[in-house]
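# Fold and contact review
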Amino acid sequence: MKDIRISSLLTLALEALSVTCILALAAVVLFKHGLSVDTAQVKLHGVGLKGMDFAIVVCIFSLVGFESATTLGGEAKRPLHNVPRAVIWSLLITGAFMVFMSYVEVFATAQWASR
């Protein structure tokens, strides 16, 4: 039991460091070009069904990864309460992070291409 706890805490610390580095890079990109709203992205200009097939596959594989994490839920305290709550909150937080980072990446690419 102690080995899995140490492993989980180390993994959590490394992921927190990774997310911190990614957010720092996003802040550099956003503040370097001035904090403005990319209206073309918000209005979904140029978005069609052609590029959505790949995005749907990535989203489905992401959901499978979260659902497979529930197999360890039997070891949790109050698993019928805590596991669904953890999966839902994980999906909401990582989904928001993914949408934000997608926005930053497209914004950065548009700024770089317009040079």
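Everything quoted here is computed from the prediction, not taken from an experiment.

### Quick word on the layout of surface pockets
Of the voids in this model, the second largest pocket is the one considered here, and its volume is about 610 Å³. Together, 17 residues line the second largest pocket, and Gln-41, Leu-44, Ser-102, Tyr-103 and Val-106 are the ones closest to its centre. Elements with a contribution of two residues or more to the lining of the second largest pocket: helix 2 (39–42), helix 3 (52–68) and helix 4 (79–113).

### Remarks on the environment of Leu-91
Inspection of the secondary structure assignment puts Leu-91 in helix 4. Take Leu-91: its relative accessible area is 29%, and that puts it in the partly exposed class. For the pair Leu-91 and Ser-62, spaced 29 residues apart in the sequence, the C-alpha separation amounts to 9.0 Å.

### Remarks on the packing of aromatic side chains
What the rule picks out here adds up to one aromatic pair. Taking 6.2 Å as the distance between ring centres and 10 degrees as the angle between the ring planes, the aromatic pair formed by Tyr-103 and Phe-107 counts as stacked. You can see Tyr-103 and its partner Phe-107 sitting in helix 4, four residues apart, about one turn around the helix. Summarising the burial analysis for this pair, Tyr-103 and Phe-107 share the class buried.

### Examining a nonpolar patch on the surface
A cluster of nonpolar side chains, namely Leu-44, Val-47, Leu-49, Met-52, Ile-56 and Ile-60, defines an oily patch on the protein surface of about 630 Å² accessible area. Since its relative accessible area comes to 78%, Leu-49 is described here as exposed.

### What to know about the confidence of the model for the chain
Counting all residues, the mean pLDDT for the chain is 80, and 87% of those residues have values of 70 or more. The lowest-confidence element of the chain is helix 3, averaging 73 in pLDDT; the highest-confidence one is helix 1 (residues 2–32), averaging 88.

### Let's talk about the nonpolar core
Grouped together as the largest cluster of nonpolar side chains are seven residues: Ala-26, Val-29, Leu-30, Met-101, Tyr-103, Val-104 and Phe-107. For this core, the secondary structure elements donating two or more residues are helix 1 and helix 4. Here the element with the most residues in this core is helix 4; it accounts for four residues. The contacts of Leu-30, once residues within four sequence positions are left out, are Leu-35, Phe-100, Val-104 and Phe-107.

Criteria and cut-off values
- Each chain has its residues counted from 1, following the order in which its sequence is written.
- Totals for whole chains, interfaces and linings use every residue, but because this is a predicted model, local features are given only for residues with pLDDT of at least 70 and side-chain atom pairs only at 80 or more, for both listing and counting.
- As a rule here, side-chain values cover all heavy atoms of the structure and leave hydrogens and water aside.
- Think of a 1 Å grid over the protein atoms and nothing else: a 1.4 Å probe that fits but is trapped marks a cavity, an open set flanked by protein within 12 Å on at least five of seven lines marks a pocket, and residues with an atom within 4 Å of a point count as lining.
- Grid points are joined across faces, edges and corners, and a volume is the space filled by probe spheres set on the points.
- Secondary structure follows DSSP: runs of H or I at least 4 residues long count as helices, runs of E at least 2 residues long count as strands, and numbering of each begins at the N terminus.
- Throughout this description, buried means an accessible area under 20% of the type-specific maximum (1.4 Å probe, protein chains only), exposed means over 50%, and partly exposed covers the range between.
- Within 6.5 Å between ring centres, the rings of Phe, Tyr and Trp (the latter by its six-membered ring) count as paired, and their orientation is classed by plane angle as stacked under 30 degrees, edge-to-face over 60, tilted in between.
- Exposure above 30% relative accessible area and the lack of any salt bridge qualify a residue for a patch; like charges then connect within 9 Å, and the nonpolar side chains Val, Leu, Ile, Met, Phe, Trp and Tyr within 5 Å.
- All accessible areas in this document rest on Shrake-Rupley with a 1.4 Å probe, and a residue is counted as covered only by the protein chains that are shown.
- By definition, a salt bridge exists where a carboxyl oxygen of Asp or Glu is found within 4 Å of a side-chain nitrogen of Lys or Arg.
- Every residue carries a pLDDT, the predictor's confidence in it, which falls somewhere between 0 and 100.
- Buried Ala, Val, Leu, Ile, Met, Phe, Trp, Tyr and Cys residues that are joined via side-chain atoms within 4.5 Å together make up what is termed a nonpolar core.
- Whether two residues touch is decided by their heavy atoms; if any such pair falls within 4.5 Å, the residues are in contact.

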